[in-house]
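If you want the building blocks of each chain, they are given just below.
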Amino acid sequence: MLKGLGSQRLVALFAGGWVLFNFPLLGLWDRDATVWGIPLFPLALFLLWGGLIAALAWLMEWPEDRLANRNAERPDDRAEAPPPPAPPQE
């Protein structure tokens, strides 16, 4: 099985697409309206489809090790804090 944050994001994108293209939400766009002369329903389908493709492209180009590197650079909470500066001497 696939493991990691990237796989979880792909599954979430699939579930989001499933919900967007299912009846209750898709029925919101089934109106007798036009936008710049284009019927609303086909325009909404095209924009939702394009948005899912753009999200998938962004997700696939996101480096998998980027999150791991960011966590590695962050100092550990258990690490010792540097000693406080010495008080000024008069």
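Residues numbered from 1 in each chain as written. Predicted model: local features only at pLDDT ≥ 70, side-chain atom pairs only at ≥ 80, totals over all residues. Heavy atoms only, no water.

1. Points about the overall build of the chain
Secondary structure assignment for the chain yields 4 helices and 2 strands. Counting from the amino terminus, the chain carries its helices and strands in the arrangement α-α-β-β-α-α. Burial analysis of the chain (90 residues in total) assigns 11% to the buried set. Long-range contacts, defined as pairs at least 24 residues apart, comprise 56% of the intrachain contacts of the chain with a sequence gap of at least 6. Surface accessibility of the chain: about 8200 Å² in total, with carbon and sulfur atoms responsible for 66%. (Helix = DSSP H or I, 4+ residues; strand = E, 2+ residues; numbered from the N terminus. Buried < 20%, exposed > 50% of the residue type's maximum accessible area, 1.4 Å probe, protein only. Contact = heavy atoms within 4.5 Å. Areas by Shrake-Rupley, 256 points an atom, 1.4 Å probe, with all protein chains shown as cover.)

2. Looking at a nonpolar patch on the surface
Together, Phe-14, Trp-18, Val-19, Leu-25, Leu-28 and Trp-29 make up an exposed nonpolar region whose accessible area comes to about 630 Å². Considering each element in turn, the nonpolar patch owes the most residues, 3 residues, to helix H1 (residues 5-20). Note on placement: Val-19 falls in helix H1. Residue classification places Val-19 among the partly exposed positions, given a relative accessible area of 46%. (Patch = residues over 30% accessible without salt bridge, like charges linked within 9 Å, V, L, I, M, F, W, Y side chains within 5 Å. Salt bridge = Lys/Arg side-chain N within 4 Å of Asp/Glu carboxyl O.)

3. Comments concerning the packing of aromatic side chains
The tally for this structure, following the rule as stated, stands at 2 aromatic pairs. Ring centres of Phe-46 and Trp-49 lie 5.9 Å apart, and the angle between their planes is 45°; this geometry places the pair in the tilted category. Taken together, the residues span about one helical turn, with Phe-46 and Trp-49 both in helix H3 (residues 40-61) at a distance of 3 residues. Taking the relative accessible area as the measure of exposure, Phe-46 reaches 51% and is therefore exposed. A relative accessible area of 48% places Trp-49 in the partly exposed class. (Phe/Tyr/Trp six-rings, centres within 6.5 Å; stacked < 30°, edge-to-face > 60°.)

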